[in-house]
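# Architecture at a glance
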Amino acid sequence: ARPHLVLGIETSCDDTAVAVVNSKGCILSEAVVKQDSIHARYGGVVPGLARQAHEQVIDELIERVLCEAFTCSQNEVWARSANGLDAVAVTMGPGLEICLRVGFRAAQRLLGRLKEASSAPGPVFISTHHLESHCLVPRLFGGYRPSFPFLVLLVSGGHCMLLLARDLGNFEVLGGTLDDSVGEAFDKIARLLGLDVGGGGGPALERLAREGNPNAFDFPIPLRKRPDCNFSFAGLKTAVRVAIERELERYGSRDETATLLQVNRQAAADIAASFQRVALEHLFEKTRRALLWCRTHEPDVQSLLVSGGVAANSVLRARFQQLASEIGWRLHDEEVERTAAWSTDPGAPACDLKQAIIFPPLRYCTDNGVMVAWAGVERLLRLGDAAGEPDIDQIEVV
Ligand code: KG4
Ligand code: ZN
């Protein structure tokens, strides 16, 4: 039988993303439009602006991705899609409601259009859960496929959690954040230091931290004494803000608007490096705790997936390399990267990935359409009855 073909749509936050993936794990086409530059000066995602930006590009992205997947022109694309596409998968939450609605309506318009274009029954609608999509995406890289159950550390601007992925639709939250997410903390501190956050606060802070001494400031590691897997960054953020203000005073500048980066670059770099060390050590300690807990209570857990924008951080990767060595597991990052190309050969066998810490390729760690399409594939294959008519009441708000 020919592989199933699924289109995925993601609009839950500030990325408009669409992709077509088949059930053999081939990515036929994908596109992402990021909104970082729109929100950069507001200190966070502005929902109204995000919705507008999604609305401006979504239909065009869907059309473009479909033309590429079916290698055809705009004239033929609707008839071809009506016959070739098995499902349209849409992120229904959690996320910003007005943004989720844009993706949902685009899917409805698409399904309507396909019905007009052909007498074929056309694709079914599948609603997907944003966190499940993040967790399932490493299973797309057919060369190495982590099998259930596995542990996930999901760390981005919007999420900071440890999940036990038991099965499709069966995810247990082992730990979450009591206040802010780690990505948010990186973004906030980057702005406080005076960094240009147009390309993301995290990467800018990581670059500056390379010039600094990570032990210059002794910020306390959060929730060390608590015997659980939760996170907290509010206290650390405050400690860092106070340190920045103190340094600014110390190197006194008459200009009230001057940033520490302008006044004393070395002090700013020392704070960046110290904050980064403590924030990442916190992630590391709680993840290690969850993994060791799994070893006794959930021995079938044989892999750890690290995903979300913060997974791009090279200091975090190095720290997890140490953990891998400690427990005799292997760290896969470039290797998985290579299998992304490899997976375009559908004849190759999928092999189970055991005793591994996996960092998926970065563009599949951050919000993307491929993860939604792939979650749709898994749902289509396993839960045929989950597919159905679009129902806007399913939208789930953060
Ligand atoms: O997954 P993502 O693209 O979007 C959200 O769902 O938020 O993650 C973006 C977040 C931002 O907060 C950004 O500062 C952080 O990931 N980030 C990093 C790095 N690259 C991105 N944080 C630390 N170090 C990095 N290299
Ligand atoms: Zn996300």
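Before reading further, recall that the structure is shown in the block above.
Because the structure is predicted, anything quoted here is derived from the model rather than measured.

Conventions adopted
Residues numbered from 1 in each chain as written. Chains lettered and ligands numbered in written order. Predicted model: local features only at pLDDT ≥ 70, side-chain atom pairs only at ≥ 80, totals over all residues. Helix = DSSP H or I, 4+ residues; strand = E, 2+ residues; numbered from the N terminus. Buried ≥ 20, exposed ≤ 12 C-beta atoms within 10 Å, placed from the backbone. Contact = placed C-beta atoms within 7 Å. Pairing = 2+ DSSP bridges. Axes fitted to C-alpha atoms, helices over the stretch in contact; angles between N-to-C directions. Left-handed = near helix turned anticlockwise from the far one by under 90°. Expected span 1.5 Å × (residues − 1). Bend = angle between axes of the 7 residues up to and from the residue.

## So, the overall build of the chain
When helices and strands are tallied, the chain shows 14 helices and 13 strands. Across the 398 residues that make up the chain, the buried fraction comes to 48%. The contacts of the chain with a sequence gap of at least 6 include a subset with a gap of at least 24, amounting to 74%.

## Concerning the sheet that holds strand E2 (residues 15–22)
As summarised here, the arrangement of the five strands in space is E3-E2-E1-E4-E5, forming an open sheet in which the pairing is mixed. Each end of this open sheet is capped by a strand with a single partner; those strands are strand E3 (27–34) and strand E5 (124–128). The average angle at which neighbouring strand axes cross in this sheet is 15 degrees, direction not considered. Here six bridges tie strand E1 (residues 5–10) to E2, and the two strands are oriented antiparallel to one another. Within E2, the position partnered with Gly-8 by the bridge is Ala-19. Its contacts with the sheet place helix H2 (residues 47–69) against E1, E2 and E3, and it is angled at close to 20 degrees to E2. Together, E1, strand E4 (87–91) and E5 form the strand contacts of helix H4 (residues 97–117), whose direction differs from that of E4 by roughly 165 degrees.

## Quick word on the sheet that holds strand E13 (residues 356–358)
Pairing is mixed across the open sheet formed by six strands, whose spatial order is E9-E8-E7-E10-E13-E11. Unpaired on one side and paired on the other, strand E9 (170–175) and strand E11 (330–332) mark the two borders of the sheet. Neighbour to neighbour, the strand axes of the sheet diverge by 25 degrees on average, direction disregarded. Where strand E8 (residues 160–167) meets E9, five bridges bridge the pair, whose relative direction is antiparallel. Within E9, the position partnered with Leu-162 by the bridge is Gly-175. Across the sheet, helix H10 (residues 265–297) touches strand E7 (150–155), E8, E9 and strand E10 (303–307), and the angle it forms with E7 is around 165 degrees. Strands in contact with helix H11 (residues 314–327) are E10, E11 and E13; relative to E11, the strand with the most contacts, it is inclined by about 145 degrees.

## Description of the packing of helix H6 (residues 182–193) against helix H7 (residues 201–209)
Their axes nearest at 8 Å, the elements H6 and H7 cross at an angle of 65 degrees. Considering the relative orientation of H6 and H7, their crossing is left-handed. Only Gly-201, Gly-202, Ala-204 and Leu-205 of H7 make contact with H6, whose side of the interface consists of Gly-183, Phe-186, Asp-187, Ile-189, Ala-190 and Arg-191.

## Some details on H2
Between its terminal C-alpha atoms H2 stretches 31 Å, which fits the 33 Å expected from 23 residues at 1.5 Å a residue. Its axis deflected by about 40 degrees at Val-57, H2 carries its strongest bend there. For H2, the full list of buried residues reads Ala-50, Ala-53, His-54, Ile-58, Leu-61, Ile-62, Val-65, Leu-66 and Ala-69.

## Quick notes on the pairing of E8
For E8, a buried count of six out of eight residues is recorded, marking the element as mostly surrounded by other parts of the structure. The antiparallel pairing of E7 with E8 creates a hairpin that spans four residues between the two strands. The hairpin formed by E8 and E9 contains two residues between the paired strands, and Gly-169 there has a positive phi angle of roughly 70 degrees.

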